[in-house]
Amino acid sequence: MLTRIELEKRELEELAPYAAKARLSKGRVWPEKEHEFRTAFQRDRDRILHSTAFRRLQYKTQVFVNHEGDHYRTRLTHTLEVSQIGRTIARVLGLNEDLIEVISLAHDLGHGPFGHAGEEALADRMKGHGGFEHNQQSLRIVELLEDSYPEFPGLNLSREVTEGMKKHGTVILGGKKTRFPVLMEAQLADIADEIAYDSHDVEDGLRSGLVEEGELADLEIWKEISSYISRKYANISEVHRRRLAIRLLINRQAQDLIQQTKKNLSSFEIQSLSDLEKCSKRIVEFSQEMKELKKTWRRFLSSRFYNHYRIVRMTEKGKRLLKEIFTVYIEGPQQLPPSVLVREKRDGLYRAVCDYVAGMTDRFAQDEYRRLFEPYERV
Ligand code: MG
């Protein structure tokens, strides 16, 4: 029998000394009895997986608005890719796979509908009312908004998870401010996110026809991969070529990350969790060479893909309708469902509306827009 006690023991024996261990967890805000056969981090993962916010990721925009096509990444498939890439690398490095899985699965929960455009719309409407930022919203969801337990608000996750989710915020440790999370699992989740979207956005760009392969020819990393494929395969279909290129792209980044991280571990003399806490440098990182390659690659994605007029039209439309929905609620709060109005008492009208709108999927927001603005649509 592999009970929790056994699993915790295994972690202590088998994981790297600088890996997070469930047994050494700093615990939860609301103390709970430990589970019989799941470690604290496994339990956290399951709480995320079964949450309402997680299921909504299925109909939230990654880059393409949900109804544009069935094969593009959504927030949900992106999230699963982040988790898979993160776990693979974590295993190589001897890190805690369960922990990286939780942080990955939770990392985008706070995104509103229509991706970054939606975030801009909410930030605009929340100006002077506390603002809106998706990472903070992810935390707000797991700490307050998810409502499944009679004993506490939110999901009452382990502190390692909530600290790991503060990836862009400042975390204060031992009186020092750091700009990144201390635990390597959290640092890795952050970079696995980058590996996933930088790679799959190339694929979705190509697949959609908004980006053509010829345009990628200027990118060093693409040149390298593309000449490798041409050397190795004389006749290869376009689909196989594209799929292979994306696999190689992910693999190249993963290898680079693992090697550089190993170097950092030895040059910063990281042999334990407390060494990690004292270290002011980020350990999980790409090499300088890869950082340069990624800089031009990202510039490319931003100018040719994210700012492609069709993507901009898609997301601007989302932004516009979100702002209008928001304004309707603020001007006439009685149009809000009672469950939202209840929150007004606790958080004020703006924050209650913001949480409600941020929680919407693309699909729900589009339907709601129709209900509110189309004269012959039933409300
Ligand atoms: Mg992400």
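This text goes with the structure placed above it.
Residues numbered from 1 in each chain as written. Predicted model: local features only at pLDDT ≥ 70, side-chain atom pairs only at ≥ 80, totals over all residues. Heavy atoms only, no water.

Caption draft 1: Local environment of the overall build of the protein chain. Counting its secondary structure elements, the protein chain contains 18 helices and 2 strands. Relative to the compact-globule value of 21 Å for 379 residues, the protein chain shows a C-alpha radius of gyration of 22 Å, a close match. Projected onto its principal axes, the C-alpha coordinates of the protein chain cover approximately 65 × 60 × 40 Å. The burial tally for the protein chain puts 53% of its 379 residues in the buried class. Once local pairs closer than 6 in sequence are excluded, the contacts in the protein chain between residues at least 24 apart make up 71%. For the protein chain, the distance from the average site of its 62 positive side-chain charges to the average site of its 60 negative ones is 1 Å. (Helix = DSSP H or I, 4+ residues; strand = E, 2+ residues; numbered from the N terminus. Rg over C-alpha atoms; globule rule 2.2 N^0.38 Å. Buried < 20%, exposed > 50% of the residue type's maximum accessible area, 1.4 Å probe, protein only. Contact = heavy atoms within 4.5 Å. Lys, Arg positive; Asp, Glu negative; His and termini not counted. Charge placed at Lys NZ, Arg CZ, Asp CG, Glu CD.)

Caption draft 2: Region of the structure containing the environment of Leu 188. Among the structural elements, Leu 188 can be located in helix H9 (residues 184-208). When its relative accessible area of 0% is taken as the criterion, Leu 188 is described as buried. For the pair Leu 188 and Ile 85, spaced 103 residues apart in sequence, the C-alpha separation works out to 9.5 Å. In contact with Leu 188, not counting residues within four places along its chain, are Gly 86, Ile 89, Ala 90, Leu 95, Ile 100, Leu 257 and Val 284.

Caption draft 3: Spotlight on the pattern of salt bridges. Enumeration according to the criterion identifies 38 salt bridges in this entry. Here Arg 4 and Glu 8 are joined by a salt bridge, their closest N and O atoms 3.2 Å apart. Of this pair, Arg 4 and Glu 8 both sit in helix H1 (residues 4-14), separated by 4 residues, roughly a single helical turn. Ionic pairing is found between Arg 304 and Glu 215, a salt bridge with its closest N-O pair at 3.0 Å. Pair noted here: Arg 304 is in helix H14 (residues 288-306) and Glu 215 is in helix H10 (residues 213-216), with a separation of 89 residues, a long-range link. Judged by its relative accessible area of 34%, Arg 304 is partly exposed. What makes Glu 215 partly exposed here is its relative accessible area of 24%. By sharing partners, the salt bridges in this structure join Arg 38, Arg 45, Asp 46, Arg 87, Arg 91, Glu 97, Asp 98 and Glu 101 into a single network. (Salt bridge = Lys/Arg side-chain N within 4 Å of Asp/Glu carboxyl O.)

Caption draft 4: Expanded view of a positive patch on the surface. A contiguous patch of positive charge on the surface is contributed by Arg 310, Arg 313, Lys 317 and Arg 320. For Arg 313, the location among the structural elements is in helix H15 (residues 309-331). (Patch = residues over 30% accessible without salt bridge, like charges linked within 9 Å, V, L, I, M, F, W, Y side chains within 5 Å. Areas by Shrake-Rupley, 256 points an atom, 1.4 Å probe, with all protein chains shown as cover.)

Caption draft 5: Representation of the coordination of the magnesium ion in the model. At the metal site, the magnesium ion is ligated by His 78 (NE2), His 107 (NE2), Asp 108 (OD) and Asp 193 (OD), and these contacts range over 2.2 to 2.5 Å. Sequence positions of the donors to the magnesium ion reduce to the motif H-x28-H-D-x84-D. In this pair, His 107 sits in the loop between helix H5 (97-106) and helix H6 (115-125) while Asp 193 sits in helix H9, placing the two residues 86 residues apart along the sequence. A single burial state applies to His 107 and to Asp 193, both of which are buried. (Donors = N, O, S within 2.8 Å, 3.2 Å for Na, K, Ca; no water.)

Caption draft 6: Structural context of the packing of aromatic side chains. Evaluated as defined, the whole model comprises 8 aromatic pairs. Ring centres of Phe 305 and Tyr 306 lie 5.7 Å apart, and the angle between their planes is 40°; this geometry places the pair in the tilted category. Considering the side-chain rings of Tyr 369 and Phe 373, the 4.5 Å spacing of their centres and the 25° angle between planes classify their relative orientation as stacked. Placement of the pair is Tyr 369 and Phe 373 together in helix H18 (residues 362-373), with a separation of 4 residues, close to one helical turn. Aromatic rings pair up to connect Phe 64, Tyr 72, Phe 305 and Tyr 306 into one cluster. We note Lys 294 situated over the ring of Trp 297; from NZ or CZ to the ring centre the distance is 4.8 Å. Between Arg 371 and the ring centre of Phe 364, over which it is positioned, the NZ or CZ distance is 5.3 Å. (Phe/Tyr/Trp six-rings, centres within 6.5 Å; stacked < 30°, edge-to-face > 60°. Lys NZ or Arg CZ within 6 Å of the ring centre and 35° of its normal.)

Caption draft 7: Structural detail: the packing of H15 against H18. Interhelical geometry of H15 versus H18 gives an angle of 55° and a closest axis separation of 10 Å. Taken together, the axes of H15 and H18 are oblique relative to one another. Here the hand of the crossing between H15 and H18 comes out left-handed. Two secondary-structure elements touch here, H15 through Leu 321, Leu 322, Glu 324, Ile 325, Val 328 and Tyr 329 and H18 through Ala 365, Gln 366, Glu 368, Tyr 369, Leu 372 and Phe 373. Looking at side-chain class alone, the contact of H15 with H18 contains 9 nonpolar, 1 polar and 2 charged residues. (Axes fitted to C-alpha atoms, helices over the stretch in contact; angles between N-to-C directions. Parallel < 35°, antiparallel > 145°, perpendicular 65-115°, else oblique. Left-handed = near helix turned anticlockwise from the far one by under 90°. Nonpolar A, V, L, I, M, F, W, Y, C, P; charged D, E, K, R; others polar.)

Caption draft 8: Region of the structure containing H6. Of all the residues in H6, the buried ones are Gly 115, Ala 117, Gly 118, Glu 119, Ala 121 and Leu 122. Here the buried face of H6 lies against helix H4 (75-93), helix H7 (134-145), H15 and helix H17 (349-359).

Caption draft 9: Up close: the packing of helix H12 (residues 238-267) against H14. Between H12 and H14, the least distance of the axes is 10 Å, while the angle of their chain directions is 145°. Relative to H14, the crossing made by H12 is left-handed. On H14, the residues that touch Leu 249, Arg 252, Gln 253 and Asp 256 of H12 are Glu 289, Met 290, Leu 293, Lys 294 and Trp 297. A class-by-class count of the residues in the contact of H12 with H14 yields 4 nonpolar, 1 polar and 4 charged.

Caption draft 10: A look at unusual backbone geometry. Of note in the backbone geometry, Phe 114 takes a positive phi value of approximately 60° without being a glycine. For Phe 114, the position within the fold is in the loop between H5 and H6. Unusually for a residue other than glycine, Asn 156 sits at a positive phi of about 50°. Structurally, Asn 156 can be placed in the loop between H7 and helix H8 (159-165). Classification of Asn 156 by relative accessible area gives buried; the value is 5%.

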